[in-house]
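Observations on the model geometry
Here is how the chains run, residue by residue.
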Amino acid sequence: MRAAQFVDQHRIVIEEVPEPRVRPGAVKVRVVWSAICGSDQGLWKSPGAKPGIHGHEAAGTIVEVGEGVTRRQVGEEVLVYDVIGCGTCGYCQRREYTRCSHRQGGVGGGFGQYLVAPESNVLPIAPGIGLERGCVLSDCLCTPLKAVESAQVLADEWVVVFGGGPIGLNAVQCVRAMGGRPLHIEPLAYRREAGVRVGAQASLDPTEGDLGARIREITGPEGAPCVVECTGVPEAQRATFGAVAPGGRIVFVGENASGLSINVSEDLIRRDIRVQGSWYFFPSHVELASTLFAQGRLDPLAVVSHRVTLETIADGFRMFCDRSDGCTKVIVRMDGE
Ligand SMILES: [Zn+2]
Ligand SMILES: [Zn+2]
């Protein structure tokens, strides 16, 4: 099979590699669509080889099932759920695999034409969705969906969403789908336009003027009852406290390696602020996202700006990482069709 190898900074080689072999309890998937994730940017940007087959937003068809597989069958369309839990702890039994403290590394393999995944790490794609939407209806849609769901957005409530990357744009869609009023914050003009296109009532440039004051002009003098931070940029993380109203809540989705210093008394206690983190998603969010799509309340493909093939995947990485050509989300056709 063919697979993308990340051999150095800005250098991807498409190589012929052996197909992975199915194991007991696992299934083999022919990958048809795979998406480039914000968390994949290091594969392109940082020097040196990154061995192995990367890519964790894949959708395809099951071509073989291993011994002992009972829930999946050959021919089924599935998307990959990347987090591998221990399978036995209380969290895993509730399918909250991200909370398992004995998690193993991810499934990966999405930038190869075949991958092998444990049976519980492939989720069926509901009828009418298809593989192209399926690859986006995983991390890219369900991560913000879980975050927005955990914020318990009320009808007509203002929700400030920081970030115009794929996660931020899908957070805007999810807020709308849940009946809230999204106010979008993003420095790049074309991504602000994308924010409005997917349902934000307005999109503000955080580099212009006093952001907190401009947010309050729109949401009312107290600020917004809810804020979802999808950039991981320290300035944006800090700005969430200036956007949120007393008694409100902030959900952090975007990550960075450095810390954020908060004044627990002034930022939280004296304003009754609830702060929450949300990482990745549970399989149940795929079901919720599928229902919202079937009801016409959101569309995973609304954030997709570019389609490339495995052979031209480097173009996709370049556009996405350079924020060029109006790029918001790139999906990769893997099977040469
Ligand atoms: Zn991802
Ligand atoms: Zn577990």
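Cut-off values and rules
Residues numbered from 1 in each chain as written. Chains lettered and ligands numbered in written order. Predicted model: local features only at pLDDT ≥ 70, side-chain atom pairs only at ≥ 80, totals over all residues. Helix = DSSP H or I, 4+ residues; strand = E, 2+ residues; numbered from the N terminus. Rg over C-alpha atoms; globule rule 2.2 N^0.38 Å. Buried ≥ 20, exposed ≤ 12 C-beta atoms within 10 Å, placed from the backbone. Contact = placed C-beta atoms within 7 Å. Pairing = 2+ DSSP bridges. Core = buried A, V, L, I, M, F, W, Y, C linked by C-beta atoms within 7 Å. Domains from an automatic or database assignment. Axes fitted to C-alpha atoms, helices over the stretch in contact; angles between N-to-C directions. Parallel < 35°, antiparallel > 145°, perpendicular 65-115°, else oblique. Nonpolar A, V, L, I, M, F, W, Y, C, P; charged D, E, K, R; others polar.

Across its full length, the chain carries eleven helices and 15 strands. Taken over C-alpha atoms, the radius of gyration comes to 20 Å for the chain, in line with the 20 Å a tight globule of 337 residues would show. Considering the chain as a whole, with its 337 residues, one finds that 47% of them fall into the buried category. Nonlocal contacts in the chain, meaning residues at least 24 apart in sequence, comprise 67% of its contacts between residues at least 6 apart.

Let us look at the pairing of strand β1 (residues 2-8). By the bridge criterion, six bridges tie β1 to strand β2 (residues 11-16) in an arrangement that is antiparallel. The partner of Ala-4 across the bridge, within β2, is Ile-14. The antiparallel pairing of β1 with β2 creates a hairpin that spans two residues between the two strands, and His-10 there sits at a positive phi of about 60°.

Before going further, it helps to examine the nonpolar core. As a rule of thumb, soluble globular proteins bury nonpolar side chains together. Counting 102 residues, the largest nonpolar core has Val-148, Val-160, Val-161, Ala-171, Ala-224 and Val-228 as its most contacted members. When residues of this core are assigned to domains, at least three map to each of domain 1 (2-138 + 281-333) and domain 2 (141-277). In contact with Val-161, not counting residues within four places along its chain, are Gly-168, Ala-171, Val-172, Val-175, Pro-182, His-184, Ile-185, Val-228 and Cys-230.

Attention now moves to the packing of helix α4 (residues 139-150) against helix α10 (residues 283-294). Where α4 meets α10, the axes come as close as 9 Å, and the angle between the chain directions of the two elements is 100°. Compared by their axis directions, α4 and α10 come out roughly perpendicular. Across the interface between the two elements, Leu-141, Cys-142, Leu-145 and Lys-146 of α4 pack against His-285, Val-286, Leu-288 and Ala-289 of α10. Looking at the contact of α4 with α10, its residues break down into six nonpolar, one polar and one charged.

Next up on the list: unusual backbone geometry. With a phi angle near 60°, Arg-95 is a residue other than glycine that sits in the positive phi range. Since 13 C-beta atoms lie within 10 Å of it, Arg-95 is described here as partly exposed. In this structure, Asp-272 takes a positive phi of about 50° despite not being glycine. Among the secondary structure elements, Asp-272 is positioned in the loop between α9 (264-268) and β13 (274-277).

What follows concerns the environment of Trp-279. The topology assignment puts Trp-279 in the loop between β13 and α10. Between the C-alpha atoms of Trp-279 and Ala-147, which are 132 residues apart in sequence, the distance is 7.8 Å.

Inspection of helix α8 (residues 234-243) places Ala-236, Gln-237, Ala-239, Thr-240, Phe-241 and Ala-243 among the buried residues, and these make up the whole buried set. Close packing links the buried residues of α8 with β8 (158-162), α7 (211-219), β11 (224-229), β12 (244-252) and α9.

On to the domain arrangement of the chain. We note that the domain assignment places domain 1 (2-138 + 281-333) and domain 2 (141-277) within the chain. Taking the mean C-alpha position of each, domain 1 and domain 2 sit 27 Å from one another. Taken together, the contact pairs 20 residues of domain 1 with 18 residues of domain 2. Looking at which element gives the most residues to the side of domain 1 that touches domain 2, the answer is α10, with five residues. Grouping the constituent residues of the side of domain 1 that touches domain 2 by class yields twelve nonpolar, five polar and three charged.

This next bit is on the sheet that holds strand β9 (residues 181-185). Backbone-to-backbone hydrogen bonds pair the strands of a sheet. The strands run either parallel or antiparallel. Taking strand neighbours across the sheet as the criterion, the six strands line up as β10-β9-β8-β11-β12-β13 in an open arrangement whose pairing is parallel. The strands lining the two open edges of the sheet, one partner per strand, are β10 (202-204) and β13. In this sheet, adjacent strand axes meet at a mean angle of 20° when their direction is disregarded. In this structure, β8 lies alongside β9, joined through five bridges in parallel fashion. Residue Phe-162 lies in a different strand from β9, and its bridge partner there is Ile-185. Of the strands in this sheet, β8, β9 and β11 touch helix α5 (residues 166-177), which is tilted by about 170° from β8. Across the sheet, α8 lies against β8, β11 and β12, angled at about 170° from β11, the strand it touches most.

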